[in-house]
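As a plain string of letters, each chain reads:
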Amino acid sequence: MSVLTNSALDCAVDATPAPQHARSKIGVIVCSQREPRAGDQIATFVLETLRELQKTNPSPRPYELILLDLKDHPLPMYNEPAIPSQIHSASEYKYPHTRAWSELISSFQAFVFVTPQYNWGYPASIKNAIDYLFNEWKGKPALVVSYGGHGGGKAAAQLQQVLQGLDMQVVKDFVGLKFPDRPFLVKAAKGHDLGLQAATDEGHVKADAVIESVDEKQKDAVWAKETKEIGAAFRDLVALLNS
Ligand SMILES: NC(=O)C1=CN([C@@H]2O[C@H](COP(=O)(O)OP(=O)(O)OC[C@H]3O[C@@H](n4cnc5c(N)ncnc54)[C@H](O)[C@@H]3O)[C@@H](O)[C@H]2O)C=CC1
Ligand SMILES: Cc1cc2nc3c(=O)[nH]c(=O)nc-3n(C[C@H](O)[C@H](O)[C@H](O)COP(=O)(O)O)c2cc1C
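All of these numbers come straight from a predicted model, not from anything done at the bench.

1. Overview of the overall build of the protein chain
The number of helices and strands found in the protein chain is seven helices and six strands. Its helices and strands taken in sequence order, the protein chain reads β-α-β-α-β-α-β-α-β-β-α-α-α from the N to the C terminus. When burial is assessed residue by residue, the protein chain has 47% of its 243 residues classed as buried. Carbon and sulfur atoms form 54% of the exposed surface of the protein chain, whose accessible area is close to 11,700 Å².

Put into structure tokens, the structure is as follows:
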């Protein structure tokens, strides 16, 4: 645990839990940052799915879901002189871009990483963004949702291992969103509209609802089955956050 100071500039970067009465912030991270891309649409689909789930699953401690797009926080390839695990206050970083990223990640209590698979791994963009920090991630719950032609499971498994290396509390099961067909993959690669729609609270996001209860329109929606998996894995994340 680091020594906390009162200076605003000397922002602490350790994983001190938010006070019990405070609303937790859960960041849904868009892990790709190419132009064009599908990542923003897919992460938004995940975020909206989780917001629907939130309506029917009250948490003992309130939380807020916020989209965190790497594109909004551009970072050069890692260029800090220090080793992040040795740093316990944002003011110790050399560069303003690192201090800003540190303060942002410190303000979140848990994360959902929404990552594509690139050449059987996760994109360099998310590894670079992760590597800039250490204590800001440490101890916090993390869930991985991957996507790709085969669901992106190879990327998800590698990312889970990296997050474990940061001492994060990683939800055991990742969710893989498999592109349903070749035209879908082409649309994703071009960043075209994928027509993704989160289920409403009458649908299958409900805690114990079964797929059969989904209305006909939603049953045909892309990733209707996976929506249930997202819900189950997210409940594990919230349980870690509340433990
Ligand atoms: N550098 C690039 O631009 C690359 C682009 N792609 C694009 O991605 C699309 C899908 O690629 P594929 O040719 O299928 O390449 P791939 O490299 O993802 O898959 C090749 C084979 O590896 C296995 N595999 C891959 N990922 C897996 C996973 N997560 N779980 C289980 N098995 C897995 C499957 O048996 C699959 O048929 C293609 O349309 C291709 O254009 C694929 C690889 C590299
Ligand atoms: C550099 C690169 C490598 C890729 N490698 C894979 C791969 O290994 N497996 C796969 O299923 N798709 C692969 N794809 C296709 C991506 O899954 C697809 O383009 C997806 O839209 C990428 O996410 P993004 O749009 O958020 O960047 C690759 C795409 C790129 C750009």
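Now that the structure is up, let's keep going.
2. What about the nonpolar core?
The biggest cluster of nonpolar side chains holds 34 residues, and the ones touching the most others in it are Ile26, Ile42, Val46, Val112, Val114, Leu177 and Phe234. If you list the elements that add at least two residues to this core, you get β1 (24–30), α1 (39–56), β2 (63–69), β3 (110–116), β4 (141–148), β6 (175–178), α5 (182–190) and α7 (224–242). Broken down by element, the residue count for this core peaks at seven residues, all from α1. When sequence neighbours within four positions are dropped, the list of residues in contact with Val114 reads Val28, Ile29, Val30, Cys31, Ile42, Ala43, Val46, Val145 and Tyr147. By size, the runner-up hydrophobic cluster in this structure holds 29 residues, among which are Cys31, Ile126, Leu159 and Leu163.

Thresholds applied
Residues numbered from 1 in each chain as written. Chains lettered and ligands numbered in written order. Predicted model: local features only at pLDDT ≥ 70, side-chain atom pairs only at ≥ 80, totals over all residues. Heavy atoms only, no water. Helix = DSSP H or I, 4+ residues; strand = E, 2+ residues; numbered from the N terminus. Buried < 20%, exposed > 50% of the residue type's maximum accessible area, 1.4 Å probe, protein only. Areas by Shrake-Rupley, 256 points an atom, 1.4 Å probe, with all protein chains shown as cover. Core = buried A, V, L, I, M, F, W, Y, C linked by side-chain atoms within 4.5 Å. Contact = heavy atoms within 4.5 Å.

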